[in-house]
Amino acid sequence: MARGDYQRMPGGERCEECGSRHWYSEDALRYCRNGHRLEGYAPHEAGEDEYGTTGKVHRKRKEKRQRAAVKLEGAAGRELYLECLQIILRKQIWWLIKERGLPTELEEIVRAFWGLRVRDLPATDDEFPGGDSNFGASQADVKNGELSDGPVETSRLWRPQAGKRLNLPMLIDTLALCYLGCLTLRLPISTASFCHWVQCEDLEFLAASNGLPKNVKDRLPAAYHRSLQIRDHIAPGYLQSAVQEMAICFNVNYDVKLPPLNHIPLLLELMRDLTLPVEIFLSVKCMAQILEADFSYPTRNKQRVLSIDDPELFLLALVVVSTKLLHPLDGVSRRPTTHDDPRVMQIDWKQWEAVRTKQAEATPGLERGKEYMVTARDAVTMNKDDIYKWLDFYEKTFTPNASASKTPEVANRMFSSRPKRPEIEASQATQSGQRDQDKLVVERYQTVNSSMKFIEPEQPEELFDRKGNKQQSERDYCPVWRTEEDLPETAKMFYREAAKTAAIPLRSLINAAAQVERRLEMWCVQRERARRMDAA
C-alpha cells in the first residue's frame with residue numbers, strides 16, 4: 001500500500017502512542033499515520049480457489065417499534081365511548097332503511113331520541129365508582145325475572161333534579177332507540193323482530209364492537225370495552241326492559257308521550273306464529289275494550305309498573321287468556337251452551353303440539369339465529385354445511401380479523417381454509433328461508449284446522465246445596481296459574497311457545513296473564529254488583 005493511501009481503523013481503535021486512527025501497510029506490516037508500528041496485524045492473501053467462498057450474508061431486519069395507543073380517561077374516554085355507540089346506531093338505522101325498507105324519517109326521529117338520551121349526562125364523570133354500576137342493568141338482571149312489577153325506581157334514577165347520576169347509555173339502548181323510532185312512526189314491528197334480526201346477524205349488534213375503527217378501540221378504556229361486548233345472544237326480556245326504562249326516562253324528564261302500539265297487525269302476527277284460530281282475534285278485541293287498554297307505555301303518573309304495563313306483553317297476555325278461555329288448557333270439559341258459542345270448535349292440543357314439533361324437526365339444516373345453541377355433542381353429528389354455517393357465525397361474532405387477532409393459529413386456520421359463501425348466495429338463502437317459513441305457516445294451519453273438534457252444545461246441569469242455594473260446577477271456574485309449577489302439561493307447552501315467540505321470560509308471561517285475569521274478575525264483580533243494584 002502506498003504511503004499516501006491511509007485507511008481508518010475499525011471499531012474505534014487508536015494508535016497507543018500518538019492516538020492516530022489512520023494506518024497504512026508497508027512490507028506486510030502496519031503502521032499508523034505517524035509511523036508507529038501497530039502490533040496484532042496478521043496479513044492474509046486469499047488464493048484463487050478460495051475466492052467467493054464466504055457464503056451469503058443475511059442482515060437482520062430491524063423490527064418497527066409500534067407505539068402503544070394511549071388509553072383515554074375521564075371525560076375524554078366517555079366521549080369516545082358515546083361516539084362508538086353513535087357509530088353503531090347509524091349502522092343499525094342504515095340497515096333498517098336500506099334493507100328493511102323503513103321510511104327515511106326514522107333517521108331523524110332516532111337522532112332526536114339520541115340527543116335526548118345524552119342531553120343531561122354529567123359534564124364530568126368519575127371513572128366507574130364501584131365497578132360497572134355506571135352502566136345500569138345487564139342481561140342477567142332480566143334473564144330469569146320479570147320485566148318490571150315494582151315501584152318506578154327507574155324513573156327516579158332518570159330524573160336529574162333528584163340528585164341521582166344518569167346512567168350512561170349501553171349497547172342495548174341503540175336497539176331500544178331504533179324500536180322507539182319505529183313506534184313513533186306506528187310501524188308494526190315488535191321487539192321480538194329486533195331480537196330475531198340480531199340473532200340472525202342481519203342487524204349489527206352482537207359483533208358491533210368489531211366494526212369500530214382499530215384506532216378507536218385501542219384508545220377506548222377497558223371498562224367501556226366490556227360495555228360494548230355482548231354474549232352470543234340476547235337474553236329474553238333484555239330488550240323489552242331497556243325499551244320500557246327509556247320510555248319512562250323520556251316521559252319523566254322531557255314530557256315525551258309516545259304513541260300507543262299499533263296492536264292490530266302485531267296481534268295478527270302473534271296469532272299466525274302461534275297457529276291460533278280467528279276466534280282469538282275477536283276475543284282479544286273484546287277483552288281490550290273491557291279493560292280499556294290503549295297499549296301505551298307507562299307515564300310519570302304510574303306509581304307502580306306492572307308486567308302488563310309493557311304493551312307488547314299485555315297484548316300477548318290477552319292472546320294467552322283468550323286461548324285459555326275458548327280452548328281450555330287444563331283438560332276440563334267446558335261444553336258450549338249454544339251453537340253461537342265460539343267454544344263449539346276446539347283445538348286438539350296434542351295434534352297442535354305434534355305439528356309444531358314435527359315441523360321444527362323437519363326443518364333441514366342449522367336454523368339461522370340458533371347457532372349459539374350448538375353444543376359439543378351437536379358439533380359431532382352436524383354435516384359439513386351446518387359446520388360451515390356455525391363457523392361463519394363464530395368468525396363474524398368473535399374473530400372478525402383473524403390475522404390481526406390473538407386467536408391461536410390453529411383456530412385461525414379453520415376459518416381461512418374453508419370455502420366462503422358469496423353475498424349473493426347468502427341473500428338468496430335468506431329469501432328462500434322466508435318462503436319456506438311462509439309455506440310452513442300454511443301447512444301448520446291446514447293440519448290444525450283439519451284436526452279441530454266439533455263440540456255439541458248442551459245446557460249445564462244446575463247444582464244446589466242442602467239449603468237450596470245454586471252452586472257452580474268445576475266447568476264454571478277458570479283456573480289461575482301463578483307459577484310455572486302450577487301449569488298443567490298442555491298449558492306449560494303453550495305458554496312456553498308463546499313466550500319464545502315474543503322473546504320474553506316465561507315468568508313474565510305467567511304474571512301478566514294472572515294480572516289480566518284478575519282485572520277481568522274485578523270487572524265481572526263490578527258488573528254483577530251493578531246488575532243487582534239495578535234490580536233492587
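So, how was this worked out
Residues numbered from 1 in each chain as written. Predicted model: local features only at pLDDT ≥ 70, side-chain atom pairs only at ≥ 80, totals over all residues. Heavy atoms only, no water. UniProt positions renumbered as here; feature names shortened; annotations may be inferred. Helix = DSSP H or I, 4+ residues; strand = E, 2+ residues; numbered from the N terminus. Contact = heavy atoms within 4.5 Å. Axes fitted to C-alpha atoms, helices over the stretch in contact; angles between N-to-C directions. Parallel < 35°, antiparallel > 145°, perpendicular 65-115°, else oblique. Left-handed = near helix turned anticlockwise from the far one by under 90°. Pairing = 2+ DSSP bridges. Expected span 1.5 Å × (residues − 1). Salt bridge = Lys/Arg side-chain N within 4 Å of Asp/Glu carboxyl O. Buried < 20%, exposed > 50% of the residue type's maximum accessible area, 1.4 Å probe, protein only. Core = buried A, V, L, I, M, F, W, Y, C linked by side-chain atoms within 4.5 Å. Disulfide = S-S within 2.5 Å. pLDDT = per-residue confidence, 0-100. Nonpolar A, V, L, I, M, F, W, Y, C, P; charged D, E, K, R; others polar. Polar contact = N/O pair within 3.5 Å; in protein donor to acceptor, adjacent residues only side chain to side chain. Phe/Tyr/Trp six-rings, centres within 6.5 Å; stacked < 30°, edge-to-face > 60°. Lys NZ or Arg CZ within 6 Å of the ring centre and 35° of its normal.

- By the naming in an unreviewed UniProt entry, the protein goes by Ribosomal protein and is assigned to Apiospora arundinis.
- The record held by UniProt for the protein lists under Sequence similarities (unreviewed entry) the comment "Belongs to the RRN7/TAF1B family."
- In UniProt, the protein has this text filed under Subcellular location (unreviewed entry): "Nucleus, Nucleolus".

1. Comments concerning the overall build of the protein
- Counting its secondary structure elements, the protein contains 19 helices and nine strands.
- Of the contacts made within the protein by residues no fewer than 6 positions apart, 72% connect residues no fewer than 24 positions apart.

2. Side note on the packing of helix 12 (residues 311-326) against helix 19 (residues 506-535)
- At a minimum axis separation of 9 Å, helix 12 and helix 19 run at an interaxial angle of 70 degrees. One element, helix 12, and the other, helix 19, form an angle in the roughly perpendicular class. Between helix 12 and helix 19 the crossing geometry is right-handed. The residues of helix 19 that touch helix 12, namely those facing Leu 313, Phe 314, Leu 316, Ala 317, Leu 318, Val 320, Val 321 and Lys 324, are Ser 508, Leu 509, Ala 512, Ala 513, Val 516, Glu 517 and Leu 520.

3. Overview of the pairing of strand 2 (residues 22-26)
- With two bridges joining them, strand 1 (residues 7-8) and strand 2 adopt antiparallel strand pairing. Bridge pairing links Arg 8 to His 22 in strand 2.
- In terms of strand pairing, strand 2 meets strand 3 (residues 29-32) through four bridges, oriented antiparallel. Note on strand 3: the bridge partner recorded for Trp 23 is Cys 32.

4. Some words on the sheet that holds strand 3
- Taken in spatial order, the three strands line up as 1-2-3 in an open sheet, and their pairing is antiparallel. Each end of this open sheet is capped by a strand with a single partner; those strands are strand 1 and strand 3.

5. Re helix 10 (residues 263-274)
- Along its twelve residues, helix 10 runs 16 Å from first to last C-alpha, staying within 8% of the 16 Å computed at 1.5 Å per residue.
- Following helix 10 by one or two positions, Thr 275 adopts a phi angle in the positive range, close to 55 degrees.

6. Here's the deal with the pattern of salt bridges
- Here the structure, examined in full by the defined rule, presents 15 salt bridges.
- Ionic pairing is found between Asp 173 and Arg 117, a salt bridge with its closest N-O pair at 3.7 Å. One end of the pair, Asp 173, is in helix 5 (residues 172-184); the other, Arg 117, is in helix 2 (residues 105-117), with 56 residues separating them in the sequence. Across the pair, exposure class does not vary: Asp 173 and Arg 117 are buried alike.
- With a shortest N-O distance of 3.1 Å, Asp 273 and Arg 272 are connected by a salt bridge.
- In the salt-bridge network here, residues are joined through shared partners; they are Glu 107, Glu 108 and Arg 111.

7. Looking at the nonpolar core
- In this structure, Phe 194 and Tyr 495 are the most contacted members of the largest nonpolar core, which totals 111 residues.
- The biggest single contributor to this core is helix 1 (residues 74-98), with eleven residues.
- Beyond its immediate chain neighbours, meaning those up to four positions away, Tyr 495 contacts Val 320, Lys 324, Leu 329, Trp 481, Leu 487, Leu 506, Leu 509, Ile 510 and Ala 513.
- Among the nonpolar cores identified, the runner-up in size contains five residues, and Met 9, Trp 23, Cys 32 and Leu 38 belong to it.

8. So, the state of the cysteines
- As enumerated under the stated definition, the model contains zero disulfides in all.
- The structure places no disulfide on Cys 182, whose sulfur is separated from the nearest cysteine sulfur, that of Cys 178, by 7.0 Å.

9. Quick word on the confidence of the model for the protein
- Overall, the predicted model of the protein reaches an average pLDDT of 79, with 73% of residues at or above 70.
- For the protein, per-element mean pLDDT is lowest for strand 4 (residues 150-151), which scores 44, and highest for helix 5, which scores 96.

10. Looking at unusual backbone geometry
- Not every positive phi belongs to a glycine, and Arg 186 is a case in point at roughly 60 degrees.
- Take Arg 186: its relative accessible area is 36%, and that puts it in the partly exposed class.
- Phi at Ala 503 takes a positive value of approximately 60 degrees, unusual for a residue other than glycine.
- The topology assignment puts Ala 503 in the loop between helix 18 (489-502) and helix 19.
- In this structure Ala 503 comes out as buried when scored by relative accessible area, which is 18%.

11. Description of the packing of helix 10 against helix 11 (residues 279-290)
- Axis separation between helix 10 and helix 11 bottoms out at 10 Å; the angle between their running directions is 140 degrees. When the axis of helix 10 is compared with that of helix 11, the two are oblique. When you trace helix 10 past helix 11, the crossing you get is right-handed. Of helix 11, the residues touching helix 10 (which contributes Ile 264, Leu 267, Leu 268 and Met 271) are Ile 280, Phe 281 and Val 284.
- Tallied by class, the residues present in the contact of helix 10 with helix 11 amount to seven nonpolar, no polar and no charged.

12. Thoughts on the environment of Trp 23
- Take Trp 23: it is sitting in strand 2.
- Sequence separation between Trp 23 and Arg 37 is 14 residues, and the spatial gap between their C-alpha atoms is 9.4 Å.
- Setting aside anything within four residues of it in sequence, one finds Trp 23 in contact with Asp 5, Tyr 6, Gln 7, Arg 8, Met 9, Arg 30, Tyr 31, Cys 32, Arg 33 and Leu 38.

13. Focus: the side chain of Gln 240
- Topologically, Gln 240 is positioned in helix 9 (residues 238-254).
- A distance of 3.1 Å separates polar atoms of two side chains, one belonging to Gln 240 and the other to Thr 191.

14. With respect to the packing of aromatic side chains
- Scanning all chains against the criterion turns up twelve aromatic pairs.
- Ring geometry for Tyr 179 versus Phe 194: centroids 6.2 Å apart, planes at 80 degrees, classification edge-to-face. Within this pair, whereas Tyr 179 is found in helix 5, its partner Phe 194 is found in helix 6 (residues 191-199), the two being separated by 15 residues in sequence. For the residue pair Tyr 179 and Phe 194, the accessibility class agrees, reading buried in each case.
- Taking NZ or CZ as reference, Arg 30 lies 5.3 Å from the ring centre of Trp 23, over its face.
- Residue placement shows Lys 324 over the ring face of Trp 481; its charged tip is 4.1 Å from the ring centre.

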